[in-house]
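# Report on the structure
The chain contents come next:
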Amino acid sequence: MGVDIGSSTSKCVILNGSSEIVSQAVIPVGTGTSGPRRAVEAALAIAGASMEQAAVVIATGYGRNTYDDAAERISELSCHAKGAVWIMRGVRTVVDIGGQDAKALSINEDGRLADFVMNDKCAAGTGRFLDVMARVLEVGVSDLQGLDEKAGGIIQISSTCTVFAESEVISQLSKNAPIPDIIAGIHQSAAVRAASLMKRIGVVQPVLMTGGVANNAGVVRALARALGAEVKTSPHSQIAGALGAALFARERSA
Ligand code: ADP
């Protein structure tokens, strides 16, 4: 079992002895909440298993040190790299945009983490940035991608700072700017930030986006535009860290 306790979301993945996913759960509350327990309970319920049957439990993510049921704790970087390589064999660049940080990982030809850069000092371009903007626009974060598709143009959001960008969005709303065009600008702002992070480690194809923001096809499209390169995602993108932790647990139990 792998448990990824993020700043905003808790994830749990259970693998069988053949390293196939038996169950997974994503609970949209993170460290310091009931999220980790609920994610574990939900994944166990889907698997029809009890905690005692879990051969090895490994925790990762921002809140991993507070999770007592783990035999071991492994860094998010190692788990994300491991999960990403399972999701996409041959992946060379991973961009992970989560609730509170963004990271770019360089993976070598042997599938090992070679280098990384991280932005964990500022909410700009992270899930939090998108959550704040969605709230101002009175839409759900999961609706952002569909609205982005309706954009006729892109309204540039010039401030990268979340607080100032929020003011810009409010100012655009007061001018009756089309909401889809504002959202396209918000996505572009997040994408440009992620692209500059990725360029610091070098972008080698194939590129995989992980983390919860990979669920937002608007950001994925904007990132591909900003990089001038293809960016792939997977239905497993948000659980990449938990999956990596579960793969380490599988190795430990072998
Ligand atoms: P954590 O850092 O807590 O591990 P995640 O990688 O799970 O965070 O990402 C959480 C972020 O993903 C949220 O802040 C939200 O912006 C985004 N997100 C999650 N689900 C969706 C969705 N269905 N559509 C768009 N964005 C999403």
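Conventions used here
In every chain, residue numbers begin from 1 and rise along the written sequence. Reporting of local features is limited, given that this is a predicted model, to residues whose pLDDT is at least 70; pairs of side-chain atoms are given and counted only at 80 or more, and all residues count toward the totals for whole chains, interfaces and linings. Side-chain measures here rest on the full set of heavy atoms in the structure, leaving out hydrogens and waters. Counting from the N terminus, the helices are the DSSP runs of H or I reaching at least four residues and the strands are the DSSP runs of E reaching at least two. Each radius of gyration reported is based on C-alpha atoms, and the globular scaling rule is 2.2 Å times the count of residues to the power 0.38. Any residue under 20% of the maximum accessible area for its type is buried, any over 50% is exposed, and the rest in between are partly exposed; the area is computed with a 1.4 Å probe on protein chains only. We call two residues in contact whenever any of their non-hydrogen atoms come within 4.5 Å of each other. The Shrake-Rupley method, run with a 1.4 Å probe sphere, supplies the accessible areas, and residue values consider only the shown protein chains as cover. Ring pairs shown here join Phe, Tyr and Trp side chains whose ring centres sit within 6.5 Å, with only the six-membered ring taken for Trp; geometry is labelled stacked below 30 degrees between planes, edge-to-face above 60, and tilted in between. A ring has a charge above it when a Lys NZ or an Arg CZ is no more than 6 Å from the ring centre and no more than 35 degrees off the ring normal. Segmentation into domains, and thus their bounds, comes from an automatic or database assignment. Here the buried area means the combined drop in accessible surface, using a 1.4 Å probe, for two parts upon being joined, counting both sides. Put simply, a salt bridge is a Lys or Arg side-chain nitrogen that is within 4 Å of an Asp or Glu carboxyl oxygen. Side-chain classes are defined by residue name, with Ala, Val, Leu, Ile, Met, Phe, Trp, Tyr, Cys and Pro counting as nonpolar, Asp, Glu, Lys and Arg as charged, and the others, Gly among them, as polar. We call a residue near a given molecule or strand whenever any one of its heavy atoms falls within 4 Å of it. Polar contacts, as counted here, are pairs of nitrogen or oxygen atoms within 3.5 Å of one another; within protein the pair requires one atom able to donate a hydrogen and one able to accept it, and residues that are adjacent in sequence qualify only if both atoms are side-chain atoms. Between N-to-C directions, angles span 0 to 180 degrees; the directions come from axes that are lines fitted to C-alpha atoms, helices contributing only their stretch in contact. Each angle receives one of four descriptions, namely roughly parallel if under 35 degrees, roughly antiparallel if over 145, roughly perpendicular if within 65 to 115, and oblique otherwise. In this analysis, strands are considered paired if DSSP registers two or more bridges between them.

### Description of the overall build of the chain
When its secondary structure is counted, the chain shows eight helices and nine strands. Its C-alpha radius of gyration of 18 Å places the chain within 12% of the 18 Å reference for a compact globule of 254 residues. If one aligns the C-alpha atoms of the chain with their principal axes, the spans along those axes are about 60 × 40 × 30 Å. Looking at the chain as a whole, 52% of its 254 residues are labelled buried. Sequence-distant contacts, at least 24 apart, represent 65% of the contacts inside the chain between residues at least 6 apart. When the accessible area of the chain is evaluated, it comes to approximately 11300 Å², of which 49% is carbon and sulfur surface.

### Overview of the packing of aromatic side chains
What characterises a pair of aromatic rings is the spacing of the ring centres plus the angle enclosed by the ring planes. In this structure the tally under the stated criterion is zero aromatic pairs. Cation over ring: Lys 82 sits above Phe 248, and NZ or CZ is 4.8 Å from the ring centre.

### With respect to the domain arrangement of the chain
Interface size is often expressed as the accessible area that is lost when the parts come together. Examined at the domain level, the chain breaks down into domain 1 (1-88 + 237-254) and domain 2 (90-233). Of note, the centres of domain 1 and domain 2, computed from C-alpha atoms alone, are 25 Å apart. Counting residues at the interface gives 14 residues for domain 1 and 24 residues for domain 2. In total, domain 1 and domain 2 occlude about 1500 Å² of area from one another, counting both sides; carbon and sulfur atoms represent 69% of this. The largest contributions to the domain 1 side of the interface with domain 2 come from Leu 77, Met 88 and Ser 237, which together make up 42% of the buried area. Counting across the domain 1 and domain 2 interface gives one salt bridge. A salt bridge links Glu 76 to Lys 103, with the shortest nitrogen-to-oxygen separation between them at 3.3 Å. Looking at which element gives the most residues to the side of domain 1 that touches domain 2, the answer is helix α2 (residues 76-87), with seven residues. Here the residues of the side of domain 1 that touches domain 2 sort into eight nonpolar, five polar and one charged.

### Observations concerning the site of the ligand
Near the ligand, the surroundings consist of 17 residues, among which Ser 8, Lys 11, Asp 131, Gly 212 and Gln 238 are the closest. Contact between the ligand and Ser 8: an oxygen atom at 2.7 Å from a main-chain N or O atom of the residue. One of the side-chain N or O atoms of Gln 238 is found 2.8 Å from an oxygen atom in the ligand. Partitioned by chemical class, the residues of the shell around the ligand number two nonpolar, 13 polar and two charged. Residue assignment places the shell around the ligand across two domains, with domain 1 (1-88 + 237-254) and domain 2 (90-233) each supplying three or more.

### Looking at the packing of helix α3 (residues 127-137) against helix α6 (residues 179-201)
Interaxial distance between α3 and α6 falls to 11 Å at its minimum, and their mutual angle equals 170°. Our classification of the angle between α3 and α6 gives roughly antiparallel. Side by side, α3 and α6 meet where Phe 129, Leu 130, Met 133 and Leu 137 of the first sit next to Ile 179, Ile 182, Ile 183, Ile 186, His 187, Ser 189 and Ala 190 of the second. Residue composition of the contact of α3 with α6, grouped by class: nine nonpolar, two polar and no charged.

### Some remarks on the sheet that holds strand β9 (residues 207-210)
What the four strands build is an open sheet, ordered β8-β7-β6-β9; its pairing is mixed. Whereas interior strands pair on both sides, the edge strands pair on one side only; in this sheet they are β8 (113-119) and β9. Adjacent strand axes in the sheet meet at a mean angle of 15°, parallel and antiparallel pairs treated alike. The sheet contact formed by strand β6 (residues 93-97) and β9 spans four bridges and is parallel.

### A word on the pairing of strand β2 (residues 10-15)
Counting buried residues in β2 gives six out of six residues, a clear majority hidden from the surface. Side chains Ser 10, Cys 12 and Ile 14 project from β2 onto one buried face, and the interleaved Lys 11, Val 13 and Leu 15 project onto a second face that is buried too. In this sheet, β2 lies alongside strand β1 (residues 2-5) in antiparallel orientation, the contact comprising four bridges. Paired with Asp 4 across the strands is Lys 11, a residue of β2. The antiparallel hairpin formed by β2 and strand β3 (residues 21-27) contains five residues in its connecting segment, where Ser 19 sits at a positive phi of about 60°.

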